[in-house]
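Per-entry structural report
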Amino acid sequence: MNRDEWITAFAREVGIDAPTPEEMGELLKLASIAAHASERPAAPLACFIAGRSDRPIAELLAAAERIAPSA
């Protein structure tokens, strides 16, 4: 089973729609920002917080970028 198949099956199992390819890309970008700005475990936790918020992903990405240290 590949990533997309697993995500689709998991979403179905918990009773929600699977993310679109665009949403997956944005969530993976959020995870990347969190993992590189802090420690790797921050990535899934940031996605958990994103999923619990009512904010659009663009707003969440902007927030993550604001608190990430400058490169």
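Heads up: these notes are all about the structure in this document. As the structure is a prediction and not an experimental result, all values here were calculated from the model.

Structural notes on the overall build of the chain
Secondary structure summary: the chain contains four helices and zero strands in total. Overall, the chain shows an N-to-C arrangement of helices and strands of α-α-α-α. Taken along its principal axes, the extent of the C-alpha atoms in the chain is 40 × 25 × 20 Å. Here the chain holds 71 residues, and the buried ones make up 20% of them. Restricting the contact set of the chain to residue pairs at least 6 apart, pairs at least 24 apart contribute 47%. Carbon and sulfur atoms provide 58% of the accessible area of the chain, an area that totals close to 5,600 Å². One finds the centroid of the 7 positive side-chain charges in the chain at a distance of 5 Å from the centroid of its 11 negative side-chain charges.

What about the environment of Ala58?
Here Ala58 is to be found in helix H4 (residues 57-67). When the C-alpha atoms of Ala58 and Leu28 are compared, they prove to be 13 Å apart, with 30 residues separating the residues in sequence.

Thoughts on the nonpolar core
General note: in soluble globular proteins, nonpolar side chains tend to be found buried as a group. Leu30, Ile33, Ala34, Ala46, Ala50, Ile57, Leu60, Leu61 and Ala64 together form the largest nonpolar core, which totals nine residues. Elements supplying a minimum of two residues to this core: helix H2 (21-37), helix H3 (42-52) and H4. With four residues, the single largest contributor to this core is H4. The contacts of Leu30, once residues within four sequence positions are left out, are Ala46, Cys47, Ala50, Ile57, Leu60, Leu61 and Ala64.

Remarks on the packing of H2 against H4
Between two packed helices, the angle of one axis relative to the other and the distance separating the axes together describe the packing. Orientation of H2 relative to H4, taken along the N-to-C sense of each, is 15°, at an axis distance of 10 Å. Between H2 and H4, the angle falls in the class roughly parallel. The way H2 lies across H4 gives a crossing that is left-handed. In this structure, H2 uses Glu26, Leu27, Lys29, Leu30 and Ile33 to contact H4, whose residues at the interface are Ile57, Leu60, Leu61, Ala64 and Glu65. Split by residue class, the contact of H2 with H4 holds seven nonpolar, no polar and three charged.

Observations concerning H2
For H2, with 17 residues, the first-to-last C-alpha span of 24 Å sits near the 24 Å given by 1.5 Å per residue. Among all positions in H2, only Met24, Leu30, Ala31, Ile33, Ala34 and Ala35 are buried. Those residues of H2 that are buried are in contact with helix H1 (3-14), H3 and H4.

Parameters and conventions
Residues numbered from 1 in each chain as written. Predicted model: local features only at pLDDT ≥ 70, side-chain atom pairs only at ≥ 80, totals over all residues. Heavy atoms only, no water. Helix = DSSP H or I, 4+ residues; strand = E, 2+ residues; numbered from the N terminus. Buried < 20%, exposed > 50% of the residue type's maximum accessible area, 1.4 Å probe, protein only. Contact = heavy atoms within 4.5 Å. Areas by Shrake-Rupley, 256 points an atom, 1.4 Å probe, with all protein chains shown as cover. Lys, Arg positive; Asp, Glu negative; His and termini not counted. Charge placed at Lys NZ, Arg CZ, Asp CG, Glu CD. Core = buried A, V, L, I, M, F, W, Y, C linked by side-chain atoms within 4.5 Å. Axes fitted to C-alpha atoms, helices over the stretch in contact; angles between N-to-C directions. Parallel < 35°, antiparallel > 145°, perpendicular 65-115°, else oblique. Left-handed = near helix turned anticlockwise from the far one by under 90°. Nonpolar A, V, L, I, M, F, W, Y, C, P; charged D, E, K, R; others polar. Expected span 1.5 Å × (residues − 1).

Keep in mind these numbers describe shape, not what the thing actually does.
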